[in-house]
Amino acid sequence: MFTKVNSKVVSVDVAQSGPVVARRGAMLFYTGDVRFAPHQIAGVGPGSGGMSGIGGAIGHRLAGEHESTLLASGQGVVHFGFRGIEVEIVDVGRVGGLIRVEASRTLAYTSGLQASVVSVTAQGGGGGGGGGLFGSLRSAAAGAVTGQGMFTTQLSGQGQVVILGHGGVFELGVAPDRPPVTVDPQAYVAAAGQVTTTLTSNVSWRNVGRTGGEALQLQCAGQGTVYVQASEEKL
């Protein structure tokens, strides 16, 4: 599986791990006989159920969060990194077999994981936008304001994913018997397990312009783990 070379680079022996999916531009170098081919995540592209119709067009235009990916396979060791950003390896099987991670925060993952692009509103997030076209519009607008996309990448099953975070990534536990964890949307990286995310606002007509710059937050509740980067810097 993936091995940390240092805080910003991982390596993987694709002969042992099997094919690996990575974002384009992430391959630094490799040794051996490694082949690279275009790759497409389920739910992306014409006719995909997750982004079909007018709502899908709006999502693509306002969110634009899908990252192009490639598939690395063969016999050899590949090194991945991206823009000198810190990396964190997550064993998806050990965190409940399910993780939803922002596409911009995904470096690579083992192809044994089931990957799809899902609506944030379908996972309980997006600020209560609701269903249908108007729900999609509200969710897309929230995504444009906060940096959170209208869609997110969902990985399930057994395998590993490498996530990116400016300043490193740390974990926050979420449980039904604890208060919800509230995260700055631009610091949010991923959520594993049965975690719902809801966009909240502390802005009212009485305090417009007096919120200290933290008007919108992402409230995380349920059972699982939330991954947060030590920065509000976007990719």
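- As named in an unreviewed UniProt entry, the protein chain is AIM24 family protein, taken from Gordonia sputi NBRC 100414.

1. Section: the overall build of the protein chain
Piece 1. A count of helical and extended segments in the protein chain gives three helices and 15 strands.
Piece 2. Summarising the internal contacts of the protein chain: among those between residues at least 6 apart in sequence, 85% fall at separations of at least 24.
Piece 3. A total accessible area of about 10900 Å² is found for the protein chain, and carbon and sulfur atoms account for 52% of it.

2. Looking at the packing of aromatic side chains
Piece 1. This model, assessed by the stated rule, comprises one aromatic pair.
Piece 2. It is R23 that lies over the ring of F82; its NZ or CZ is 4.0 Å from the centre.

3. Structural notes on unusual backbone geometry
Piece 1. Unusually for a residue other than glycine, R83 sits at a positive phi of about 55°.
Piece 2. With respect to the element layout, R83 can be found in the loop between β5 (69–80) and β6 (86–91).

4. Digging into the environment of F151
Piece 1. Note that F151 resides in strand β10 (residues 151–156).
Piece 2. What makes F151 buried here is its relative accessible area of 4%.
Piece 3. Separated by 49 residues in the primary sequence, F151 and E102 have C-alpha atoms spaced 8.2 Å apart.

5. What to know about the confidence of the model for the protein chain
Piece 1. Taken as a whole, the protein chain shows an average pLDDT of 79; of its residues, 69% reach a score of 70 or greater.
Piece 2. The least confident element of the protein chain, judged by mean pLDDT, is helix α2 (residues 53–62) at 44; the most confident is strand β2 (residues 9–13) at 98.
Piece 3. This model gives residues 124–147 a pLDDT under 50, and the stretch forms 40 contacts once residues within four places in sequence are excluded.

6. Side note on the environment of T152
Piece 1. By the secondary structure assignment, T152 is in strand β10.
Piece 2. Counting along the chain gives 36 residues from T152 to S116, while the straight-line C-alpha distance between them is 8.4 Å.
Piece 3. There is a polar contact of 3.4 Å between the side chain of T152 and the side chain of E102.

7. A few points about the nonpolar core
Piece 1. Ranked by internal contacts, the top residues of the largest apolar core, which has 19 residues, are F2, V10, V12, V20, F80 and L107.
Piece 2. If you list the elements that add at least two residues to this core, you get β2, β3 (20–23), β5, β8 (106–110) and β11 (160–165).
Piece 3. Tallying contributions element by element places β5 first for this core, with four residues.
Piece 4. Those residues in contact with L107, other than ones at most four positions away along the chain, are V10, V21, A22, R23, A26, F80, G81, F82, V87, V162 and L164.
Piece 5. Counting 18 residues, the second largest nonpolar core, distinct from the first, contains I41, V101, V161 and Y227.

8. Some points on the side chain of H79
Piece 1. For H79, the position within the fold is in strand β5.
Piece 2. Judged by relative accessible area, H79 falls into the buried class, the value being 14%.
Piece 3. Non-local contacts of H79, meaning those with residues more than four positions away in its chain, are made with V5, V9, V10, S11, A26, M27, L28 and F29.

9. What about a nonpolar patch on the surface?
Piece 1. A surface patch of nonpolar side chains, amounting to about 430 Å² of accessible area, comprises M27, L28, F29, Y30 and F36.
Piece 2. For Y30, the location among the structural elements is in strand β4 (residues 27–39).

10. Brief notes about the side chain of S11
Piece 1. Along the chain, S11 turns up in strand β2.
Piece 2. Of the residues examined, S11 reaches a relative accessible area of 13% and is grouped as buried.
Piece 3. Among all residues touching S11, those that are not within four sequence positions of it are M1, F2, T3, V5, V77, V78 and H79.

11. Points about the pattern of salt bridges
Piece 1. A complete count under the given rule lists three salt bridges for this structure.
Piece 2. A salt bridge links R94 to D91, with the shortest nitrogen-to-oxygen separation between them at 3.7 Å.
Piece 3. Since its relative accessible area comes to 75%, R94 is described here as exposed.

Criteria and cut-off values
Residues numbered from 1 in each chain as written. Predicted model: local features only at pLDDT ≥ 70, side-chain atom pairs only at ≥ 80, totals over all residues. Heavy atoms only, no water. Helix = DSSP H or I, 4+ residues; strand = E, 2+ residues; numbered from the N terminus. Contact = heavy atoms within 4.5 Å. Areas by Shrake-Rupley, 256 points an atom, 1.4 Å probe, with all protein chains shown as cover. Phe/Tyr/Trp six-rings, centres within 6.5 Å; stacked < 30°, edge-to-face > 60°. Lys NZ or Arg CZ within 6 Å of the ring centre and 35° of its normal. Buried < 20%, exposed > 50% of the residue type's maximum accessible area, 1.4 Å probe, protein only. pLDDT = per-residue confidence, 0-100. Polar contact = N/O pair within 3.5 Å; in protein donor to acceptor, adjacent residues only side chain to side chain. Core = buried A, V, L, I, M, F, W, Y, C linked by side-chain atoms within 4.5 Å. Patch = residues over 30% accessible without salt bridge, like charges linked within 9 Å, V, L, I, M, F, W, Y side chains within 5 Å. Salt bridge = Lys/Arg side-chain N within 4 Å of Asp/Glu carboxyl O.

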